[in-house]
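Chains, contacts and geometry: an overview
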Number of protein chains: 2
Amino acid sequence: GARGLCSKAPNDGLDRVRTLLRLCADRYFISPGESNAELFRRGWSCIYGPLGLELRRNLLQQWWHSVTGSRVRVFGVNTPSSSLERGAGGARVVESEHFQQILDRSELSREQLIQELNRLLLSSPSVRTSLLQGALEQFVPSLEMVSKKLPFGLAETGLCFQPSDVSGCFVEVTQTSLVWFCSPRTSSQWLDHWVRHRLKWWRKFALSPSDFSSIEVPENELEKTESRGVKILYNFPWGLESLETLWCRGDTDLLQTYKGVRTKWQSRGGQKSVPHVVSVSGNMDLGMLAFLSNSLQELRGEDGKKKLQQRRVLKLHPVLAPVKVAVDIGKGATVELRQVCEGLLQEFLEAKISAWPGYLETQPTSLQHLNAKYDEMGVLFTVLISENTLESGLLQVRNRDTTIRETMHVSEIRNFLSKYISAADKFS
Amino acid sequence: GARGLCSKAPNDGLDRVRTLLRLCADRYFISPGESNAELFRRGWSCIYGPLGLELRRNLLQQWWHSVTGSRVRVFGVNTPSSSLERGAGGARVVESEHFQQILDRSELSREQLIQELNRLLLSSPSVRTSLLQGALEQFVPSLEMVSKKLPFGLAETGLCFQPSDVSGCFVEVTQTSLVWFCSPRTSSQWLDHWVRHRLKWWRKFALSPSDFSSIEVPENELEKTESRGVKILYNFPWGLESLETLWCRGDTDLLQTYKGVRTKWQSRGGQKSVPHVVSVSGNMDLGMLAFLSNSLQELRGEDGKKKLQQRRVLKLHPVLAPVKVAVDIGKGATVELRQVCEGLLQEFLEAKISAWPGYLETQPTSLQHLNAKYDEMGVLFTVLISENTLESGLLQVRNRDTTIRETMHVSEIRNFLSKYISAADKFS
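A few points on the structure. Bear in mind that the values here come from a model prediction, so they are computed numbers and not experimental data. Within every chain, residues take consecutive numbers counted from 1 along the sequence as written. Both sets of labels track the order of writing: A upward for chains, 1 upward for ligands. In view of the model being predicted, local features appear only for residues whose pLDDT reaches at least 70, and side-chain atom pairs are presented and counted only at 80 or more, with totals across whole chains, interfaces and linings using the full set of residues. Hydrogens and waters are ignored; side-chain quantities use all the structure's heavy atoms.

Before going further, it helps to examine the overall build of chain A. For the purposes of this entry, the term helix denotes a DSSP run of H or I that reaches at least four residues, the term strand denotes a run of E that reaches at least two, and both are numbered from the N terminus. Counting secondary structure elements, chain A contains 14 helices and 18 strands. Burial statistics for chain A: of 428 residues in total, 55% are counted as buried. Any two residues whose heavy atoms approach within 4.5 Å at even a single point are treated as in contact. At a minimum sequence separation of 6, the contacts of chain A that also span at least 24 residues come to 67%. With a 1.4 Å probe rolled over the protein chains alone, any residue whose accessible area is under 20% of its type maximum counts as buried; one over 50% counts as exposed, and the rest are partly exposed.

Structure representation (structure tokens):
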């Protein structure tokens, strides 16, 4: 085995990125292809394979649970990604055929053509670039839930369309958003609260927490309506990038959204002041890349034959790991062994333990290759079914992090995994 | 209490729809407003409040679990909702400013203007109308996971943009999609398999299962490439609507997607035949409305004073119910009582039991009104904290379906709820 002496392999940043992207494509995190890998590297929604999908789902679930469960006063909302009622500008969903029909009308003069096209554009729904506006519009409808008392927050996750530098095109990102409404004098304290909360969350799942940091936005970079801003950064091999941004936005957004109708938000006790908004907005596609990058360990181990062997392990936090257990077969796959695998897999899925049907894939040449594959997938445990299982009911379980193999009875494995996962969830 | 004689109130269809929509807006399923209610009624994504959000999430989770867990050979994928590579036509995301810049170029002749606009349109990403194409494109990259063996499936849920009859506009729907690849001779059997599977799933969560049915699409309504089609219908008060559609699509889609390069999908054993596609595609916004409509019970009960009283209960399946427990206070809310509520709520959220902070809302005038409110929200259990709780640690728990109140110690309630929910999940 490759368990001998291990040392972190020296490796420059770009090599590391290339390695990570190749691994993500080879191991079903993202769909293969250069343009897809480039979308992914830039923190945009790309085509995810089963593992990437599951990782992002876990990440979004943890974010949701942490934000809506941390304070009792956060409520979820869900708004469509396009809307007829948003102002001019931005990106719009235009029906090609209608567009073409106008262009084909030869009786229209140049001026009339422009007029018709403008009309079409303005009547087409515009797509959102962030989740902020949607939450602002839900401020008044939400007041009843909290007896008009501040502070409270609205949380949402969803797709947003953002302009990219590539030929003026729009790209998709999976955003998380908390819009927090509070009294003017507490907004700066609340910003600090949420910065601590968010940074702690990112670090909780990290292998090297110090790669996540926060930085105050310099005053000269603030927009007019913002009084403070803080960014949560991740130290990627190619430099720092912002994963989540927090702003003290003052009362301007609410005043604009409700066009100055102040009475609507008069909170209980008759205070006249308009609530201030603290916004917390993150990019979970980029967040995914951060955790993947953070958890990739490249180890140089000596194998039995003293040959240098590069070992790569995605040490994703147990809560985030997209596959908790892989079910596979040693040499000599037979119909009976496959049936045991299928039964076990079904058992795991029923217990909501994310399991990988490794026995469906082409057999790797050796146990070492099999382990290498699952380490690169970040699979927590590998269960190996063999001839011996048919006779004695015993199987082998390998732990990703310790690389230790244990023998266990087939009837014990589900409970063992359930307990391991819920402990990891509880004490993370 | 309103527990006396109950009978189903006679009510015509339209009244029932109006009642349901009002209830959904009043009880935080959807955001108030007529245009929002209209989107919702038509089965399109609208602005959801916290309860609607949670209901849809539960529904999608159950769909996912049922489809990916039912057979070991279903894998998840996730593709962006817009793409630069899709063919001409359909809806496209156009950047308004670029559009405007072209219209403003006065040096362009009418012909040149049309040319430039066409170029802009074709370079803008097109948005998907269904999840089918994305899955077809992942067929070849997925072959490795299954050792090129049929059958297998790709599952996805996500937003799609669909043309509506309203002024040629696009609306959003939350689709679920399973694209199943199988050998030509088995495709009709697989269609039958998935029809049974899907109908069983819908009925499992229904209060009156017979409102869900399936119907074979008549041969003369099939598209050229489709050899069979089946719809899963729900009997809404205004008539039947299709929730999920299943098609035997033949090999045309795959041949088109891969432009005839047959070698790519040669499965093991060297079979030459191109796999056939069975597609299963549902609208979960409409699905949500179906379950809400199905679970609304209007009961006419006699209260203590012999006054006729209309009682409305959303008897959503325990697995789907967006709120499992509401925490509220009887008369005389004090700081101490609120603290007990907050502690209890925190405990529920940590145990991932979806809880509602009812004590934050304006107090209803009576216990009867409180119960009526939670019945309309479909809340499974209501926990009532009172002065007595401070002294003895005892609280009152009311069951939505039996309307029975029990006294329980504050230390027992979490376990009681956890067990109830996991039992409902297991035996549903």
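Glancing now at helix α8 (residues 187-204) of chain A. An expected span of 1.5 Å times one less than the residue number is assigned to each helix. Between its first and last C-alpha, α8 of chain A extends 25 Å over 18 residues, near the 26 Å set by a 1.5 Å rise per residue. Among the residues making up α8 of chain A, those that are buried are S187, W190, L191, H193, W194, V195, H197, R198, L199, W201 and W202 of chain A.

The atoms used to superpose the copies are C-alpha atoms, taken from residues with pLDDT of at least 70 in both, and the fit is least squares. Taken as rigid bodies, chain A and chain B are interconverted by a rotation of 180° and an axial shift of 0.0 Å, the fit giving an RMSD of 0.0 Å. Given the turn and translation reported, the copies of this chain are related as if by a two-fold rotation axis. Nearest to the rotation axis, the C-alpha of V93 of chain A is located 2.3 Å from it, this being the minimum over chain A. In this assembly, 100% of the residues forming the interface of chain A have copies in chain B that are likewise at the interface, indicating an isologous arrangement.

For T79 of chain A, the location among the structural elements is in the loop between β2 (74-76) and β3 (82-83). Not counting the four nearest positions on each side in its chain, T79 of chain A is found in contact with R128, G134 and E156 of chain A together with I47 of chain B.

Glancing now at the pairing of strand β13 (residues 325-329) of chain B. Residues and elements named next belong to chain B. Here β13 lies mainly inside the structure; five of its five residues are buried. In this scheme, strands are said to pair when DSSP sees at least two bridges between them. Bridge analysis of β13 against strand β15 (residues 381-385) gives five bridges, and the strand direction is parallel. Across the sheet, V325 pairs through a bridge with F381, a residue of β15.

A separate point is the interface of chain A and chain B. Facing 83 residues of chain A, the contacting portion of chain B comprises 84 residues. Buried area, as used here, totals the accessible surface that two parts lose on assembly, with accessibility defined by a 1.4 Å probe and the loss added over both. Taken over both partners, the interface formed by chain A and chain B buries close to 6900 Å², and the fraction arising from carbon and sulfur atoms is 57%. What counts as a salt bridge is simple: a side-chain nitrogen of Lys or Arg found within 4 Å of a carboxyl oxygen of Asp or Glu. Seen at the junction of chain A and chain B, the total is two salt bridges. Of the charged contacts, one joins K352 of chain A and D425 of chain B as a salt bridge, the two residues approaching to 2.7 Å between their closest N and O atoms. What qualifies as a polar contact is a pair of N or O atoms within 3.5 Å, subject to a donor-acceptor requirement within protein and to the restriction that residues adjacent in sequence count only when both atoms come from side chains. Summed over the shared surface of chain A and chain B, the number is 32 residue pairs in polar contact (both at pLDDT 80 or more). Residues are grouped as follows: Ala, Val, Leu, Ile, Met, Phe, Trp, Tyr, Cys and Pro are nonpolar; Asp, Glu, Lys and Arg are charged; all remaining types, including Gly, are polar. Looking at the side of chain A that touches chain B residue by residue, the class counts come to 38 nonpolar, 28 polar and 17 charged.

Adjacent strands of a sheet form backbone hydrogen bonds with each other and so pair up, either parallel or antiparallel. Residues and elements named next belong to chain B. Spatial strand order, β1-β5-β6-β10-β9-β8-β7: seven strands in an open sheet with mixed pairing. Here the strands that pair on one side only, and so sit at the sheet edges, are β1 (74-76) and β7 (212-216). If you compare each strand with its neighbour and ignore which way they point, the axes differ by 25° on average. As defined by bridge partners, strand β6 (residues 170-182) adjoins strand β10 (residues 276-283) across eight bridges and the pair is classed as antiparallel. Counted as the bridge partner of W180 is V278 from β10. To get an axis, a line is fitted to the C-alpha atoms, and for a helix only the part in contact is used. The angle between two axes follows their N-to-C directions and goes from 0 to 180 degrees. Where helix α3 (residues 50-70) meets the sheet, it contacts β1, β5 (152-163), β6 and β9 (239-250), and its direction lies at approximately 150° from that of β5.

We now examine the sheet that holds strand β10 (residues 239-248) of chain A. Residue and element names in this part refer to chain A. Taken together, the seven strands give an open sheet; going across it, the order is β2-β6-β7-β11-β10-β9-β8, and neighbouring strands pair in mixed fashion. Pairing within the sheet leaves two strands with one partner each, and these edge strands are β2 and β8 (212-216). Adjacent strand axes in the sheet meet at a mean angle of 30° when their direction is disregarded. Two strands pair when backbone bridges link them, and strand β9 (residues 228-236) and β10 are joined in this way by nine bridges, in the antiparallel orientation. The residue of β10 that forms the bridge with L233 is S242. In the packing of helix α10 (residues 284-295) onto the sheet, the strands contacted are β7 (170-182), β8, β9, β10 and β11 (276-283), and the crossing angle to β9 comes to about 40°.

Compared with an ideal rise of 1.5 Å per residue, which puts 21 residues at 30 Å, helix α3 (residues 50-70) of chain A spans 30 Å between its outermost C-alpha atoms and is within 8% of the ideal. Burial runs high along α3 of chain A: 17 of the 21 residues are buried.

All names here are of chain A. The linkage connecting L150 with the following residue, P151, adopts the cis geometry, with an omega of -10°. Note on placement: P151 falls in the loop between α7 (139-142) and β6 (152-163). The phi angle at K352 is positive, at roughly 60°, despite the residue not being glycine. In this fold, K352 is placed in the loop between α11 (335-350) and β15 (355-357).

Residues and elements named next belong to chain A. As for its placement among the helices and strands, R228 is situated in strand β9. Here D192 takes part through its side chain, which lies 2.8 Å from a polar atom of the side chain of R228. Discounting chain neighbours no more than four positions away, the residues touching R228 are S188, L191, D192, E216, L222, L246, W247 and C248.

Stacked, edge-to-face and tilted labels apply to pairs of Phe, Tyr and Trp rings (six-membered ring for Trp) whose centres lie within 6.5 Å, assigned for plane angles under 30 degrees, over 60, and everything in between, in that order. Throughout the structure, instances matching the rule amount to 45 aromatic pairs over all chains. For the pair F205 of chain A and F291 of chain A, a centre-to-centre distance of 6.2 Å together with 85° between the ring planes defines the contact as edge-to-face. Of this pair, F205 of chain A sits in the loop between α8 and β8 while F291 of chain A is found in helix α10, placing the two residues 86 residues apart along the sequence. Here F205 of chain A and F291 of chain A have matching classes, each one buried. Note on F40 of chain B and Y48 of chain B: the rings are 6.1 Å apart at their centroids and 85° apart in plane angle, and the pair reads as edge-to-face. Here F40 of chain B and Y48 of chain B have matching classes, each one buried.

This part is about the environment of L120 of chain B. All names here are of chain B. Mapped onto the elements of the fold, L120 is located in helix α5 (residues 110-123). Judged by its relative accessible area of 12%, L120 falls in the buried class. Between the C-alpha atom of L120 and that of F99, which follows or precedes it by 21 residues, the distance is 7.5 Å. Apart from residues no more than four positions distant in its own chain, L120 is found in contact with V94, H98, F99 and I102.

A separate point is the packing of α3 of chain A against α8 of chain A. Residue and element names in this part refer to chain A. Between α3 and α8, the shortest axis-to-axis distance is 11 Å and the interhelical angle comes to 145°. α8 is crossed by α3, and the crossing has right-handed handedness. On α8, the residues touching L59, Q62, W63, S66, V67 and S70 of α3 are W194, H197, R198 and W201. In terms of residue class, the contact of α3 with α8 is made up of five nonpolar, four polar and one charged. Left-handed describes a crossing in which the near helix is turned anticlockwise from the far one by less than a right angle; the clockwise case is right-handed.

Remember, this is a structural readout, not a statement about activity or role.
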